[in-house]
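Survey of secondary and tertiary structure
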Amino acid sequence: MKRLFTLTICLLSLQILQAESITTNSAKTVKQVNLVTRVNSDAINADTTILPVLNQPMPLSSYGGIYKRRLDSIRKDIQLDYNEYVQAYIDLYMHNRDEMGQVAGLTKYYFPIYEKAFREAGIPDEIKFLSIVESKLDPNAVSRVGATGLWQFMGTTAKIYGLNMDNYVDERRDPIQSSYAAAAYLKDAYQEFGDWLLAIASYNCGKSNVERAVEKAGGVTDFWSIRQYLPVETRGYVPAFIAMNYVMNYFNKHNIVAQACNFSTRTDTVMVKRVVPLSNVAQALDVSLREITILNPSYRMAVVNGSPKTPRRLIIPQTAKGNYAALYNVLNGVDAPISTVAAKPATYAAVQYSPAKSERHIPTHHKVRKGETLASIADKFGCEVSDLKVWNHLKTNRAPVGAMLKVSVGEVAANVQDDGGYSKN
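Residues numbered from 1 in each chain as written. Predicted model: local features only at pLDDT ≥ 70, side-chain atom pairs only at ≥ 80, totals over all residues. Heavy atoms only, no water.

For the rest of this paragraph, the subject is the side chain of Arg 290. Considering the arrangement of structural elements, one finds Arg 290 in helix α14 (residues 289–295). Despite being buried, Arg 290 has no salt bridge partner; Glu 291 is the closest side chain of opposite charge, sitting 5.0 Å away. (Helix = DSSP H or I, 4+ residues; strand = E, 2+ residues; numbered from the N terminus. Buried < 20%, exposed > 50% of the residue type's maximum accessible area, 1.4 Å probe, protein only. Lys, Arg positive; Asp, Glu negative; His and termini not counted. Salt bridge = Lys/Arg side-chain N within 4 Å of Asp/Glu carboxyl O.)

The structure is reproduced here in structure tokens:
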């Protein structure tokens, strides 16, 4: 009996433990079901609670339908597939709410420029979102390998597509010029591959890498079929582009607010036929030098090097009529005092010019300082990394500290500071 009683107690204890386990698991299951239900209902209505929930390891199928329907609804000429790769980038971008709010604000200025260039070239409008993936709409962005500008052109490709780079100007930073170049590249790529996603992939890794991936996939011209054969970075590049299409169309559904630009978006364009420092333009318009340099990021030395044969474009904020006379004097070299116009302090790190200085040669050599790289030195002196390597017989991209490097061929420039004088904002 004693043994039987002991056995009975043990069996009862085991049943109690099993019951508690079932109850606990049931509660967890109910909680999980409620969580999924809340995601679906809130997503359809306001999306204000989606982001924290989506960061949890939940099955894609529990919320994917909402994103897929939304991507389908904005699809025009380019296939906007939805899958776990795209969702991962949506999560990443939505996590950086402040940054996406800033970018959304900048689109009001840059997107009309892109849309005009793409419309004239016959490029799908939605490719404009690719520039956000490339540079976050920063015309002064420079990658670790030297790709520059809103559309992140490398020097060689930029020259092929007509962008000029010299000691005065880098048209990779020009929103208008670089947009037409990007449109031309993408049009060429589409004509070769017959698929926009492959054209976009080639923008990241080059046409030859896409060609090899297509060959390895047996001639299939579908991004998701050749994805595994592409470089690692490019495998995420196209999903990032699709995700950015979603984010920029639906950021307000995720409680992200577009921030106002910190510069004037109402502008006028004038053609300049002489050398004009941007600081003089800023003074005439009664704005900061920072404002003018943001609108004209391609002028490396903060000077417009126009001439009668090659006039240069100058973007200026719309100004009061009272400033017209001073601006005319500056642009036409009329000797008239403009110092009576109060100039706002310049907060943009750019070259300062003194009218008292005369023309001189840009330094032909530069001593490498600690922390400098070939890319930063090339950017500073208006040349390419490849030029530095050729001029100095370098086999790697290292910049030996203390070494005296040849950095230019001694072209004449107006009033350049001894240290090269150029820095990004």
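Having seen the model, we can carry on.
Moving on, we come to the packing of helix α8 (residues 175–193) against helix α9 (residues 196–205). Between α8 and α9, the least distance of the axes is 8 Å, while the angle of their chain directions is 125°. With respect to each other, α8 and α9 are oriented oblique. Handedness of the α8/α9 crossing: right-handed. Across from Ala 182, Tyr 185, Leu 186, Ala 189, Tyr 190 and Phe 193 in α8, the residues of α9 making contact are Trp 196, Leu 198, Ala 199, Ile 200, Ser 202 and Tyr 203. (Axes fitted to C-alpha atoms, helices over the stretch in contact; angles between N-to-C directions. Parallel < 35°, antiparallel > 145°, perpendicular 65-115°, else oblique. Left-handed = near helix turned anticlockwise from the far one by under 90°. Contact = heavy atoms within 4.5 Å.)

Evaluation of the coordinates by the stated rule reveals 17 aromatic pairs. Measuring from ring centre to ring centre gives 5.2 Å for Tyr 109 and Phe 263, while their planes differ by 90°; the resulting arrangement is edge-to-face. Residue Tyr 109 is located in helix α5 (residues 97–121), and its partner Phe 263 is located in the loop between α12 (232–250) and β1 (267–272); the two are separated by 154 residues in the primary sequence. Here Tyr 246 and Tyr 250 contribute two aromatic rings whose centre-to-centre distance is 5.1 Å and whose plane-to-plane angle is 35°, an arrangement assigned as tilted. With Tyr 246 and Tyr 250 both in helix α12 and four residues apart, this pair spans about one turn of that helix. The buried category is assigned to Tyr 246, whose relative accessible area is 0%. Among the aromatic residues, those joined into a cluster by ring pairs are Phe 111, Tyr 114, Phe 118, Phe 129, Trp 151, Phe 153, Tyr 161, Tyr 185 and Tyr 203. Above the plane of the ring of Tyr 250 lies Arg 70, whose end atom (NZ or CZ) is 5.3 Å from the centre. When the ring centre of Tyr 185 is taken as reference, the NZ or CZ atom of Lys 207 above it lies at 4.8 Å. (Phe/Tyr/Trp six-rings, centres within 6.5 Å; stacked < 30°, edge-to-face > 60°. Lys NZ or Arg CZ within 6 Å of the ring centre and 35° of its normal.)

This part is about a negative patch on the surface. The grouping of Asp 188, Glu 192, Glu 211 and Glu 215 at the surface amounts to a negative patch. For the negative patch, the secondary-structure elements that each account for two or more residues are α8 and α10 (207–216). Here Glu 211 shows up in helix α10. Exposure remark for Glu 211: the relative accessible area of 33% places this residue in the partly exposed category. (Patch = residues over 30% accessible without salt bridge, like charges linked within 9 Å, V, L, I, M, F, W, Y side chains within 5 Å. Areas by Shrake-Rupley, 256 points an atom, 1.4 Å probe, with all protein chains shown as cover. Charge placed at Lys NZ, Arg CZ, Asp CG, Glu CD.)

Along any regular strand the residues' side chains alternate between the sheet's two faces. Here strand β4 (residues 312–317) lies mainly inside the structure; five of its six residues are buried. In terms of strand pairing, β1 meets β4 through six bridges, oriented antiparallel. By the bridge assignment, Thr 267 is partnered in β4 with Pro 317. (Pairing = 2+ DSSP bridges.)

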